[in-house]
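Here is what each chain is made of, one letter per residue.
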Amino acid sequence: QVQLVESGGGLVQAGGSLRVSCAASGRTLSSYAMGWFRQAPGKEREFVAAITWSSGRTYFADSVKGRFTISRNNAKNTVYLQMSSLKPEDTAVYYCAAFNSGGMDYVTRDIKRYEYWGQGTQVTVSS
């Protein structure tokens, strides 16, 4: 069992920056991949970015590529999503998620692969 807790959400002006964090606990994460998803009101949850604990391989959705970065601090079991050049359309609840890749160093946008989820943190970008 992996427990995930997000933090760092808030209100920010368009064009600004914000960093959200996800602290993971429960067991070793060396064979896991971590992802960030977001869900706006009335819309489906969508993939944002992902990273592996082992090699740090990253993957980004086209909508955030070049604006968002994902990183991890292995010693703290924490994953970060640094968001820059924020737009009102980025407004959503941001969730972190994880899955066990079984020793394979890969990431995916497929939401069905993720088995552990945090409660989410609200990010609101004003016009």
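Up top is the structure.
Residues numbered from 1 in each chain as written. Predicted model: local features only at pLDDT ≥ 70, side-chain atom pairs only at ≥ 80, totals over all residues. Heavy atoms only, no water.

Trainee: Summarise the nonpolar core; cite the residues concerned and give the values.
Mentor: Nonpolar side chains in soluble globular proteins generally cluster together in the buried interior. Leu-4, Trp-36, Leu-81, Met-83 and Tyr-94 are the most contacted members of the largest nonpolar core, which totals 40 residues. Those elements that provide at least two residues to this core are β3 (18-25), β4 (32-39), β5 (46-52), β7 (68-73), β8 (78-83), β9 (92-100) and β11 (121-126). It is β9 that provides the largest number of residues to this core, a total of six residues. (Core = buried A, V, L, I, M, F, W, Y, C linked by side-chain atoms within 4.5 Å. Buried < 20%, exposed > 50% of the residue type's maximum accessible area, 1.4 Å probe, protein only. Helix = DSSP H or I, 4+ residues; strand = E, 2+ residues; numbered from the N terminus.)

Trainee: Describe unusual backbone geometry, with residues and values.
Mentor: Among all residues save glycine, negative phi is the norm, and among peptide bonds the norm is trans. Phi at Asn-77 is positive, roughly 50°, even though this residue is not glycine. Mapped onto the elements of the fold, Asn-77 is located in the loop between β7 and β8. Asn-77 gets classed as partly exposed once you look at its relative accessible area, which sits at 26%. The phi torsion at Ser-85 lies on the positive side, around 50°, for a residue other than glycine. Summarising the element assignment, Ser-85 is placed in the loop between β8 and β9. Residue classification places Ser-85 among the partly exposed residues on the basis of a relative accessible area of 43%.

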